[in-house]
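One letter stands for each residue in the lines below.
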Amino acid sequence: MIPSDPFDDGRASSSGRVASELVDSLSEHDKATLNDKRMVNDAIVEFDIKYNFALKSEVTRKMVTIFDPPFFRKLINCQKRMEDFAVLKHTDIFERDFVLMPVCHSMHWILLIVWNPSGVFGYGECQILTFNSLSEMAGVDAIAFELVKKLFLAEGEKRGIKVMESRVRPVQIKCPQQPNGTDCGLFVGQFADFFLDDLLTTVRLAIAGKLGGWFDPRVACERRHKLRALLKSLGK
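Predicted model only: the values in this text are computed from it and were never measured. All residue numbers here refer to positions counted from 1 along the written sequence of the relevant chain. Only residues with pLDDT of at least 70 are given local features in this predicted model, and only at 80 or more are side-chain atom pairs given and counted; all residues enter the totals for whole chains, interfaces and linings. Heavy atoms throughout the structure, all of them, feed into the side-chain values; hydrogens and water do not.

What holds strands together in a sheet is hydrogen bonding between their backbones, with the strands either parallel or antiparallel. With mixed pairing, the five strands of this open sheet are ordered in space as S1-S2-S3-S4-S5. Only two strands of the sheet have a single neighbouring strand rather than two, namely strand S1 (64–66) and strand S5 (168–173). Strand-to-strand, the axes of this sheet are offset by a mean angle of 25 degrees, without reference to chain direction. Pairs of residues are marked as contacts when any of their non-hydrogen atoms sit within 4.5 Å. Note on geometry: axes are lines fitted to C-alpha atoms, helical ones only across the stretch in contact, with angles between N-to-C directions running from 0 to 180 degrees. Helix and strand definitions here come from DSSP, where helices need a minimum of 4 consecutive H or I residues and strands a minimum of 2 consecutive E residues; each element is numbered from the N-terminal end. The sheet strands contacting helix H7 (residues 184–196) are S1, strand S2 (98–105), strand S3 (108–115) and strand S4 (126–131), and the helix crosses S3 at an angle near 25 degrees. Pairing between strands requires that DSSP locate at least two bridges from one strand to the other.

What follows is the structure, given as structure tokens:
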């Protein structure tokens with residue numbers, strides 16, 4: 001699955017059922033990436049984000065489109081002919097206020113949040129926020145921004161409406177930093193959980209550089225232990 005909301009597919013009528021479906025998709029290899037000093041893989045990042053997303057309010061869920069972790073790699077493979085990017089054939093990326101995208105590039109995870117995708121049509125400003133827990137890997141932010149901007153402009157042009165590249169702006173958010181080289185995927189889950197609690201307020205404050213109350217980096221590092229305990233409690 002690529003863009004998704006677990007509450008829109010007609011199968012998940014409760015967070016418990018969403019959890020069951022996500023857990024059943026995990027393999028022993030996936031779970032092993034939660035061991036200490038290992039980088040979590042796509043499946044764990046997806047489980048982490050979507051499980052917690054399912055627990056948020058209905059109002060929040062209706063504001064957000066979530067892309068699966070493999071999406072960005074498919075985007076890279078099609079970057080020279082973005083108009084042929086068929087993954088979004090049945091998805092309206094302009095429908096909701098936010099697009100949340102976990103990105104893994106050069107063996108490093110970051111979180112990307114697009115606020116107001118319809119800004120490419122001149123309806124306000126489309127802002128692409130990047131959350132990077134390892135400042136020395138800032139190059140990943142730039143690559144992600146350029147590709148996602150290109151995608152949104154190409155998708156906008158398919159509608160036959162004039163798009164405005166000048167309305168798409170990158171915003172690098174100053175955020176908590178990881179103390180090692182392996183916990184980036186855990187920080188992505190922590191960033192997503194943190195922002196989904198109060199998206200509009202938190203994003204506005206982050207863009208303005210006035211966001212306080214960030215989580216302690218140790219909380220993100222300990223997330224792998226909490227995820228292991230969660231999976232055990234869910235019988236996986």
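Let us keep going from here.
Residues other than glycine predominantly adopt negative phi, and peptide bonds predominantly adopt the trans conformation. Positioned with a positive phi, lysine 37 is a non-glycine residue whose angle comes to about 65 degrees. The backbone of serine 106 sits at a positive phi, close to 55 degrees, despite the residue not being glycine.

With their axes 7 Å apart at the nearest point, H7 and helix H8 (residues 199–207) run at an angle of 115 degrees to one another. When the axes of H7 and H8 are compared, the pair comes out roughly perpendicular. Listed contacts from H8 to Phe194, Phe195 and Leu196 of H7 are Leu199, Thr202, Val203 and Ala206. For this classification, under 35 degrees means roughly parallel, over 145 means roughly antiparallel, 65 to 115 means roughly perpendicular, and everything else is oblique.

Values of pLDDT, which run from 0 to 100, indicate the predictor's confidence residue by residue. Per-residue pLDDT for the protein has a mean of 88; in total, 88% of the residues score no lower than 70. This model gives residues 4–14 a pLDDT under 50, and the stretch forms 22 contacts once residues within four places in sequence are excluded.

Quick look at the packing of aromatic side chains now. Working definition: a ring pair exists when centres of Phe, Tyr or Trp rings (six-membered ring for Trp) sit within 6.5 Å. Plane angles under 30 degrees give stacked, over 60 give edge-to-face, the rest tilted. Under the defined criterion, the tally for this structure stands at 17 aromatic pairs. Ring centres of phenylalanine 94 and phenylalanine 121 lie 4.9 Å apart, and the angle between their planes is 55 degrees; on these two criteria the pair is classed as tilted. In this pair, phenylalanine 94 is assigned in the loop between helix H5 (70–77) and S2 and phenylalanine 121 in the loop between S3 and S4, connecting sequence segments 27 residues apart. The residues phenylalanine 94 and phenylalanine 121 share a single accessibility class, namely buried. Both rings, one in phenylalanine 131 and one in phenylalanine 191, keep their centres 5.9 Å apart while their planes meet at 40 degrees; by these two values the pair is tilted. Of this pair, phenylalanine 131 sits in strand S4 while phenylalanine 191 sits in helix H7, and the two are 60 residues apart along the sequence. Taken individually, phenylalanine 131 and phenylalanine 191 each receive the classification buried, so the pair is uniform in this respect. Put simply, the rings of Phe131, Phe187, Phe191, Phe194, Phe195, Trp214 and Phe215 touch in pairs and so form one group of aromatic residues. Using a 1.4 Å probe on the protein chains alone, a residue whose accessible area is under 20% of its type maximum counts as buried, one over 50% counts as exposed, and one in between counts as partly exposed.

Walk down a regular strand and you will see the side chains alternate between the two sheet faces. Burial analysis of S4 places six of its six residues in the buried class, which makes it a mostly covered element. Judged from the five bridges that link them, S3 and S4 form a sheet pairing that is antiparallel. Looking across to S4, one finds that tryptophan 115 is bridged to glutamine 127. Strand direction decides the pairing type here: S4 and S5, joined by six bridges, are parallel. Paired with isoleucine 128 across the bridge in S5 is proline 170. Note that the unit made of S4, helix H6 (residues 139–157) and S5 has a crossover that is right-handed. By definition, the crossover connecting two strands over a helix is right-handed if that path, from the first strand to the second, turns clockwise as seen with the strands pointing away from the viewer.

It is worth spelling out the packing of helix H3 (residues 42–54) against helix H10 (residues 223–233) at this point. How two helices pack is summed up by the angle between their axes together with the distance between the axes. Axis separation between H3 and H10 bottoms out at 12 Å; the angle between their running directions is 75 degrees. The orientation of H3 with respect to H10, classified from their angle, is roughly perpendicular. Between H3, through Ile44, Phe47, Asp48, Tyr51 and Asn52, and H10, the contact on the second element is made entirely by Arg223, Leu227, Leu230 and Leu231. Of the residues in the contact of H3 with H10, the class split is six nonpolar, one polar and two charged. Here the term charged refers only to Asp, Glu, Lys and Arg, the term nonpolar to Ala, Val, Leu, Ile, Met, Phe, Trp, Tyr, Cys and Pro, and the term polar to all other amino acids, Gly among them.

Here we come to the pattern of salt bridges. Whenever a carboxyl oxygen of Asp or Glu lies within 4 Å of a side-chain nitrogen of Lys or Arg, that contact is scored as a salt bridge. In total, this model carries 17 salt bridges according to the counting rule given. Note that glutamate 28 and lysine 31 form a salt bridge whose closest N and O atoms lie 2.7 Å from each other. With glutamate 28 and lysine 31 both in helix H2 (residues 28–32), this residue pair falls three residues apart, about one helical turn. Where aspartate 197 meets lysine 56, a salt bridge forms, and the shortest distance between an N and an O atom there is 2.6 Å. With a gap of 141 residues between them, aspartate 197 in the loop between H7 and H8 and lysine 56 in the loop between H3 and helix H4 (58–61) connect regions that are remote in the sequence. Salt bridges sharing common partners tie together Asp48, Lys56, Asp193, Asp197 and Arg223.

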